[in-house]
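This is what each chain is made of:
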Amino acid sequence: MTSLRKVRRGRWAAAGAAVAAVALMLPTGSAASAASTAAPYDSYYAAAEGKTGTALKSALHGIIKTQSKISYSAVWDALKNTDQDPNNTNNVILVYSGRSQSKSTNGGGVNDWNREHVWAQSHGDFGTSAGPGTDLHHIRPEDVTVNSTRGNKDFDMGGSAVGEAPGSRTDSDSWEPRDAVKGDVARMIFYMAVRYEGEDGYPNLEVNDSINGSVPLHGRLSVLKQWNELDPPDAFEQRRNQVIFDTYQHNRNPFIDHPEWVEAIW
């Protein structure tokens, strides 16, 4: 496991450099907008300023728990907006597959896309009722077959290649997403662990450093921390956070705005 991480570390770093290079090629207005996404919301995080560890986690929970909730059926249309392909407004980008696919092909067929809960539902027994089961900060479009293959596996390195999700790998008890969304996945998991703390009838979700852990835990913490560092937020992820804040839930994923807070808490 350790040697595999070392082999792939360089590739993740190269991918991060490539993202930065692409950002430099954006039109001036677009680059400026992406770079300043979090700046107007410094006041949103005022209660967390200067805190670390459990105090920071508690402060962020107090900030982001105030949100509007949507129904599970409303998630379909929301994802068509949050995950829209920037190069084709008729399509969405599938999170693990990386494929651009027509928004209209959502459903349950073999080649349709459906709603993937990145924090697996069985790792919290929260179902699809309004709350963690419909929280857009961790629900993404994905190919029906790939979604089924991922199932409720924890996140870790290694396994066999997944045919319909180039760059993703899986084995009997873990799932490794493609490099371009490793950080996205990590930040979604960390968001859920901060947002849901056992209040309002919701489970107390926590990240742990194992796989096949008991409910309501999700892993693997050490790997997710690496992914957060090696795949920083890009323009797609930042736009998604903003759309969820502006249009749907009116709360933010703080680890997209401040990825350094992962290390400060965990």
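Residues numbered from 1 in each chain as written. Predicted model: local features only at pLDDT ≥ 70, side-chain atom pairs only at ≥ 80, totals over all residues. Heavy atoms only, no water.

*Asks:* What exactly am I supposed to notice about the pattern of salt bridges here?
*Replies:* Side chains bearing opposite charge may pair, as long as their charged atoms lie close to each other. Taken as a whole, this structure holds 14 salt bridges when the rule is applied. Put simply, Glu206 and Lys57 hold a salt bridge, and the shortest N to O gap is 3.3 Å. With Glu206 in strand E10 (residues 206–207) and Lys57 in helix H3 (residues 53–64), this pair connects stretches of sequence that are 149 residues apart. Residue class for Glu206 comes out partly exposed when judged on its relative accessible area of 22%. The class for Lys57 is buried, based on a relative accessible area of 10%. Overlapping salt bridges, with partners in common, bring together Lys57, Glu197 and Glu206 in one network. (Salt bridge = Lys/Arg side-chain N within 4 Å of Asp/Glu carboxyl O. Helix = DSSP H or I, 4+ residues; strand = E, 2+ residues; numbered from the N terminus. Buried < 20%, exposed > 50% of the residue type's maximum accessible area, 1.4 Å probe, protein only.)

*Asks:* What is the right way to read the packing of aromatic side chains from this model?
*Replies:* Two aromatic rings, taken as a pair, are described by how far apart their centres are and by the angle between their planes. Tallied over the full model, the rule gives 11 aromatic pairs. Residues Tyr196 and Tyr202 carry aromatic rings whose centres are separated by 5.6 Å and whose planes lie at 85° to one another, so their mutual orientation is edge-to-face. Taken together, the aromatic side chains of Tyr41, Tyr44, Tyr45, Phe245 and Trp261 make up a single cluster linked through ring pairs. For Arg115, the ring lying beneath its charged end belongs to Tyr72, and the centroid distance is 3.6 Å. Looking at Arg252, its charged tip hangs above the ring of Phe245, at a distance of 5.0 Å from the centre. (Phe/Tyr/Trp six-rings, centres within 6.5 Å; stacked < 30°, edge-to-face > 60°. Lys NZ or Arg CZ within 6 Å of the ring centre and 35° of its normal.)

*Asks:* Whenever I open this one, the side chain of Gln67 confuses me. Can you help?
*Replies:* Counting through the fold element by element, Gln67 comes out in the loop between H3 and helix H4 (72–82). Within polar-contact distance, the side chain of Gln67 engages the side chain of Arg195 at 2.4 Å. (Polar contact = N/O pair within 3.5 Å; in protein donor to acceptor, adjacent residues only side chain to side chain.)

*Asks:* How should the nonpolar core be read in this particular structure?
*Replies:* Soluble, globular proteins show a tendency: their nonpolar side chains are buried together. Core analysis: the biggest nonpolar cluster contains 44 residues, and Leu60 and Trp266 have the highest contact counts within it. Breaking this core down by element, the ones donating at least two residues are H3, helix H6 (182–195), helix H7 (221–230) and helix H10 (261–265). Ignoring sequence-local partners within four residues, the contact set of Leu60 consists of Tyr45, Ala48, Val194, Pro254, Phe255, Trp261 and Ile265. Membership of the second largest hydrophobic core comes to 14 residues, among which are Ala78, Leu94, Trp113 and Ile244. (Core = buried A, V, L, I, M, F, W, Y, C linked by side-chain atoms within 4.5 Å. Contact = heavy atoms within 4.5 Å.)

*Asks:* Honestly, the pairing of strand E4 (residues 113–117) in this entry has me stumped. Any pointers?
*Replies:* On a regular strand, one side chain projects to one face of the sheet and the next to the other, so that they alternate. With five of five residues buried, E4 lies mostly within the body of the structure. Sheet analysis places E4 next to strand E5 (residues 139–143), joined by five bridges and oriented antiparallel. Along E5, the bridge assignment pairs Glu116 with Arg140. (Pairing = 2+ DSSP bridges.)

*Asks:* Sorry if this is basic, but what is going on with the environment of Gly127 here?
*Replies:* Topologically, Gly127 is positioned in the loop between E4 and E5. Sequence-wise, Gly127 and Tyr72 are 55 residues apart; in three dimensions their C-alpha atoms are separated by 9.8 Å.

*Asks:* How do you make sense of unusual backbone geometry when you look at a structure like this?
*Replies:* Note: most peptide bonds trans; most residues except glycine with negative phi. That bond from Gly219 to Arg220 is cis: its omega, 5°, falls within 30 degrees of zero. Considering the arrangement of structural elements, one finds Arg220 in the loop between strand E11 (217–218) and H7. Positive phi, close to 55°, is recorded for Asp200, a residue that is not glycine. Looking at the secondary structure, you find Asp200 in the loop between H6 and E10. Residue class for Asp200 comes out exposed when judged on its relative accessible area of 60%.

*Asks:* Whenever I open this one, the sheet that holds strand E9 (residues 174–176) confuses me. Can you help?
*Replies:* As a general point, the strands of a sheet are linked pairwise by backbone hydrogen bonds and lie either parallel or antiparallel. With mixed pairing, four strands are arranged side by side in an open sheet as E6-E9-E8-E7. The outermost strands of the open sheet, each flanked by one partner alone, are strand E6 (154–155) and strand E7 (160–161). In this sheet, E9 lies alongside strand E8 (residues 169–170) in antiparallel orientation, the contact comprising two bridges. Looking at E9, one finds that Arg169 is bridged to Glu176.

*Asks:* What's the story with the packing of H6 against H7 in this structure? I'm lost.
*Replies:* Between two packed helices, both the angle of their axes relative to each other and the distance between the axes serve to describe the pair. Packing of H6 against H7 brings their axes to within 7 Å, and their N-to-C directions diverge by 125°. Judged by the angle between their axes, H6 and H7 are oblique. Handedness of the crossing formed by H6 with H7: left-handed. Seen from H6, the contacting residues are Lys182, Gly183, Val185, Ala186, Arg187, Ile189 and Phe190; seen from H7, they are Leu221, Leu224, Lys225, Trp227 and Asn228. (Axes fitted to C-alpha atoms, helices over the stretch in contact; angles between N-to-C directions. Parallel < 35°, antiparallel > 145°, perpendicular 65-115°, else oblique. Left-handed = near helix turned anticlockwise from the far one by under 90°.)

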